[in-house]
Amino acid sequence: MALTADGNLYTWGGNYAGQLGTGNHTDLSIPKKVKSLVIAISAGDHHSMAVTENGNLYVWGANEAGQIGNGTQGSDESYDVCTPPQKK
């Protein structure tokens, strides 16, 4: 993951658990912009997180140990998740 000075988040690499935040499990060989207005990022073994300017925490990837933080566990059920959930 890379965070630019203007708050754009780019991801690339292996994506078997959806950890790149692209909404699928396709590996990326070149960086892809996945979020704007990001102020902080963090990555784990098979998951990643981003905090936006408005305070939303986005978490993507493996969830076998509850890494997503939405109260569930399961390796492939959670990617492109916002915690707390956004109102629709």
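For the structure given in this document, a descriptive report is provided here. (Residues numbered from 1 in each chain as written. Predicted model: local features only at pLDDT ≥ 70, side-chain atom pairs only at ≥ 80, totals over all residues. Heavy atoms only, no water.)

## Looking at a nonpolar patch on the surface
The line we're drawing: Distance thresholds for patches are 9 Å for like charges and 5 Å for nonpolar side chains (Val, Leu, Ile, Met, Phe, Trp, Tyr), applied to residues having over 30% relative accessible area and no salt bridge. Areas reported here follow the Shrake-Rupley algorithm with a probe of radius 1.4 Å; residue values treat only the protein chains shown as occluding. Criterion for a salt bridge: a side-chain nitrogen of Lys or Arg within 4 Å of a carboxyl oxygen of Asp or Glu. What counts as a helix is a DSSP run of H or I of at least four residues, what counts as a strand is a run of E of at least two, and both are numbered from the N terminus.
Taken together, the side chains of Met1, Leu3 and Ile41 present a nonpolar region at the surface, about 200 Å² in accessible area. Following the sequence through the fold, Ile41 ends up in strand E4 (residues 38-43).

## Regarding the packing of aromatic side chains
For the record, the criterion: Any two rings among Phe, Tyr and Trp, with Trp reduced to its six-membered ring, count as a pair given centres within 6.5 Å; such a pair is stacked if its planes are under 30 degrees apart, edge-to-face if over 60, and tilted if neither. Over a ring means this: the NZ of a Lys or the CZ of an Arg is within 6 Å of the ring centre and within 35 degrees of the ring normal.
Applying the stated criterion across every chain, the model contains one aromatic pair. For the ring pair Tyr58 and Trp60, a centre distance of 6.3 Å and an interplane angle of 20° mean the geometry is stacked. Note that Lys35 overlies the ring of Tyr58, its terminal NZ or CZ placed 3.9 Å from the centroid.

## Digging into the sheet that holds strand E3 (residues 28-35)
Adjacent strands of a sheet pair through backbone hydrogen bonds, lying either parallel or antiparallel. Stated formally: Pairing between strands requires that DSSP locate at least two bridges from one strand to the other.
Spatial ordering of the open sheet is given by E1-E2-E3, a layout of three strands whose pairing is antiparallel. Because the sheet does not close on itself, it has two edges, and the strands there are strand E1 (2-3) and E3.

## Thoughts on the pairing of E4
With five bridges joining them, E4 and strand E5 (residues 47-52) adopt antiparallel strand pairing. Following the sheet pairing, Ala43 is matched in E5 by Ser48. Following E4, the chain reverses through three residues before pairing antiparallel with E5.

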